[in-house]
Amino acid sequence: MKFKKLFSSEKAVSPVIGVMLMIVVTVILAAAVSSYAGSTKVKDAAPQATLKASASYADGYIRLEHLGGDILAKTNLNIEIATDNPLTSGYVDSANVTFSNPAYLRPGDTAQISFEQRDDGFGGLNAAFIGDAIRLAVYVGTPFKISIIDKETGQTVYTAKVVMNP
């Protein structure tokens, strides 16, 4: 009779198994989340900089002033010029870009983007950007967009609408 009494009470078995199953499921879920989070790549951030752009037909260049922020390496930048009428854009050849410091653009430094000065024969003066990845003209008094793009991340560092001054 004592033997029967010892094994006849099974009340504690079910809660213990339930708790163990919940612990196992929690551990498996934690391992799955950890594995997924560890396998995702973190995208690098583009450098952040405050710039000021101005364009002068008479001077023959667009001037960029670095007002503050990260240092910009010349080799890591694409400079895009875009016009609205007609909608055209392209990347300026690096040979047409001159930095005051040859390799970097730091706060206080300037960069110049040179262009060809042209007269269309009808009294319209335009700045012509011609190169491997660009072929467009910006007329005096016409606004255009300039964007500085980080090559490594593909993100825009700076963009502005600028008017081509006489």
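Remember, it's a predicted structure, so these values are computed and weren't measured experimentally.

Rules used in this analysis
Residues numbered from 1 in each chain as written. Predicted model: local features only at pLDDT ≥ 70, side-chain atom pairs only at ≥ 80, totals over all residues. Heavy atoms only, no water. Helix = DSSP H or I, 4+ residues; strand = E, 2+ residues; numbered from the N terminus. Buried < 20%, exposed > 50% of the residue type's maximum accessible area, 1.4 Å probe, protein only. Contact = heavy atoms within 4.5 Å. Areas by Shrake-Rupley, 256 points an atom, 1.4 Å probe, with all protein chains shown as cover. Pairing = 2+ DSSP bridges. Axes fitted to C-alpha atoms, helices over the stretch in contact; angles between N-to-C directions. Salt bridge = Lys/Arg side-chain N within 4 Å of Asp/Glu carboxyl O. Lys, Arg positive; Asp, Glu negative; His and termini not counted. Patch = residues over 30% accessible without salt bridge, like charges linked within 9 Å, V, L, I, M, F, W, Y side chains within 5 Å.

Trainee: Would you mind going over the overall build of the chain with me for this structure?
Mentor: Within the chain one finds two helices and 13 strands. Residues classed as buried in the chain amount to 31% of the 166 residues present. Sequence separation of at least 24 residues holds for 54% of the intrachain contacts in the chain that already meet a minimum separation of 6. A total accessible area of about 11,000 Å² is found for the chain, and carbon and sulfur atoms account for 58% of it.

Trainee: Sorry if this is basic, but what is going on with the pairing of strand E8 (residues 110-114) here?
Mentor: Note on strand geometry: in a regular strand, side chains alternate between the two faces of the sheet. As paired strands, strand E2 (residues 61-69) and E8 are joined by five bridges and run antiparallel to one another. Paired with Leu 64 across the bridge in E8 is Ala 111. One ladder, built from three bridges, connects strand E6 (residues 97-99) with E8; its direction is antiparallel. From the neighbouring strand, Phe 99 faces E8, where its bridge partner is Ala 111.

Trainee: What am I meant to see in the sheet that holds strand E10 (residues 125-131) here?
Mentor: The strands that make up a sheet are held in pairs by hydrogen bonds between backbone atoms, and each pair lies either parallel or antiparallel. Strand order in the open sheet formed by three strands is E9-E10-E11, and the pairing between neighbours is antiparallel. Each end of this open sheet is capped by a strand with a single partner; those strands are strand E9 (116-119) and strand E11 (134-139). Strand-to-strand, the axes of this sheet are offset by a mean angle of 30°, without reference to chain direction. As defined by bridge partners, E9 adjoins E10 across four bridges and the pair is classed as antiparallel. When the bridges of E10 are listed, Glu 116 appears paired with Ala 128.

Trainee: Looking at this structure, I do not really get the pairing of strand E13 (residues 156-165). What am I missing?
Mentor: One ladder, built from two bridges, connects strand E1 (residues 49-56) with E13; its direction is parallel. When the sheet's bridge partners are listed, Ser 56 is paired in E13 with Asn 165. Connecting the antiparallel pair strand E12 (residues 143-150) and E13 is a turn made up of five residues, with Gly 154 showing a positive phi of about 75°.

Trainee: I keep staring at the pattern of salt bridges and nothing clicks. Help me out?
Mentor: Should their charged atoms come close, side chains of opposite charge can pair. Under the defined criterion, the tally for this structure stands at three salt bridges. The salt bridge involving Arg 63 is made with Glu 65; its shortest N-O contact spans 3.8 Å. The class for Arg 63 is partly exposed, based on a relative accessible area of 31%. In this structure Glu 65 comes out as partly exposed when scored by relative accessible area, which is 25%. Among the salt bridges present, the one from Glu 116 reaches Arg 118, with a minimum N-O distance of 2.9 Å. Taking relative accessible area as the criterion, Arg 118 reaches 36% and is therefore assigned partly exposed.

Trainee: Where do I start with the side chain of His 66 in this structure?
Mentor: If you trace the backbone, His 66 turns up in strand E2. Overall, His 66 belongs to the buried group, its relative accessible area being 2%. In contact with His 66, other than residues within four places in its own chain, are Ala 49, Thr 50, Leu 51, Leu 72, Leu 105, Arg 106, Pro 107, Gly 108 and Asp 109.

Trainee: Can you walk me through the side chain of Asp 150 in this structure?
Mentor: Residue placement: Asp 150 occurs in strand E12. Lacking a salt bridge, the buried Asp 150 has Lys 151 as its closest oppositely charged neighbour, with an N-O distance of 9.2 Å. Dropping the residues within four chain positions of it, Asp 150 is found in contact with Ala 46, Pro 47, Asn 76, Gln 155 and Val 157.

Trainee: Could you clarify how one ought to interpret a nonpolar patch on the surface in this entry?
Mentor: On the surface, a cluster of nonpolar side chains totalling about 570 Å² of accessible area is made up of Val 16, Val 19, Met 20, Met 22, Ile 23 and Val 27. Along the chain, Val 27 falls in helix H2 (residues 13-39).

Function-wise, these values are silent; they only describe arrangement.
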